[in-house]
Every structure is written in structure tokens, then in C-alpha cells.
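Next come the chains, spelled out residue by residue.
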Amino acid sequence: MINASRLAPILLLASTLLAPVAAVADDDFTLGRTILLEHGNRGADIPLLVCRNTNAIKLKAKRRLHLKRIKVTFQNGDTRTFNYYRDMKKGEQTQWRKFAYSRCVTHIEVFGNSDGSSAGVTVLGRKR
């Protein structure tokens, strides 16, 4: 038979282990990925299937590339262009580029060229 004084700590431990973990408000998430070509004159599109709320964006290079700019389209049709004009090494990330407030992103277009045949780019967002 279990004593009531021993049952309370067991129930407390079980409830903390089974309770869902609260999400951290400053989490980064992937908005999308695309591939830049060596001689690409057009932007690489990242259409989002659902509208994603974010207050800032960051880019991460999967290979060496030359990043020109990124154009972000919001749910209401407004666009915002961020110019970079820089070379990026494999694994390098840009700084966060903030919006004035949290916006719903529906489409992203990345402009640049790869140093080889192709280079992947990941666009990250964050919710604060």
C-alpha cells in the first residue's frame, strides 16, 4: 500500500515529465529554401504554401555564393527589398534584417549567383 506522503512527490514528478514543453518566444524557423545557379539573372522563388508571421529574416548559405538581394512579399501585397551585395562562404549567415512589426510573408525571391554550378540558400524567420 502506498502512503499519501510518498504519493505526492511521485505525482508531481509524473506531471512535470508529461507536461508539454512551452515554446520559447524567440525561436528561429525556416521560411524556405532555394538554389541559386551560376549564371542566374532571375531571382530564385520561394513560394510559401501558408502565410508565415515573422518580424525579421536571415539567410544562410549552403555553399559559396554571391548574394545580391532578397525581395519579400507580404500578405497584403506590399514588398520589401533588402540589398546585400556580398560574397558568402559555406555555412555563413547574414545578420537579422528586421521589419517594423510582425508581418505575414507569402513569397520570397532571392537574387544572386553561385560560385560553382549551384548553391543552396535557406531563409530563416523569427517570431519575437
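What counts as what
- Residues numbered from 1 in each chain as written.
- Predicted model: local features only at pLDDT ≥ 70, side-chain atom pairs only at ≥ 80, totals over all residues.
- Heavy atoms only, no water.
- Pairing = 2+ DSSP bridges.
- Helix = DSSP H or I, 4+ residues; strand = E, 2+ residues; numbered from the N terminus.
- Buried < 20%, exposed > 50% of the residue type's maximum accessible area, 1.4 Å probe, protein only.
- Phe/Tyr/Trp six-rings, centres within 6.5 Å; stacked < 30°, edge-to-face > 60°.
- Lys NZ or Arg CZ within 6 Å of the ring centre and 35° of its normal.

### Looking at the pairing of strand β3 (residues 65-74)
Next up, step 1: Bridging between β3 and strand β4 (residues 79-88) involves eight bridges; their strand directions are antiparallel. The residue bridging Leu67 from the neighbouring strand is Arg86, located in β4.
Next up, step 2: Hairpin connection of β3 to β4: four residues between the antiparallel strands, including Gly77 at a positive phi of 95°.
Next up, step 3: Pairing of β3 with strand β5 (residues 97-114) involves nine bridges; the strand directions are antiparallel. Its bridge partner being in β5, Val72 is matched across the sheet by Ile108.

### Brief notes about the pairing of strand β6 (residues 118-126)
Next up, step 1: For β6, the tally of buried residues reaches eight of nine residues, placing the bulk of the element in the interior.
Next up, step 2: Pairing geometry for strand β1 (residues 28-37) and β6, over nine bridges, is antiparallel. In the strand pairing of β6, Asp28 is matched with Arg126.

### Brief notes about the packing of aromatic side chains
Next up, step 1: Enumeration according to the criterion identifies two aromatic pairs in this entry.
Next up, step 2: Seen from their ring centres, Phe74 and Phe99 are 5.1 Å apart, and the 90° between their planes marks the pair as edge-to-face. Of this pair, Phe74 sits in strand β3 while Phe99 sits in strand β5; the two residues are 25 residues apart in sequence, bridging distant segments of the chain.
Next up, step 3: Here a set of aromatic residues connected by ring pairs shows up, and it is made of Phe74, Phe82 and Phe99.
Next up, step 4: Directly above the ring of Tyr84 sits Arg97, whose terminal nitrogen or CZ lies 4.4 Å from the centroid.
Next up, step 5: Geometry around Phe74 places Arg103 over its ring, the cationic atom sitting 3.9 Å from the centre.

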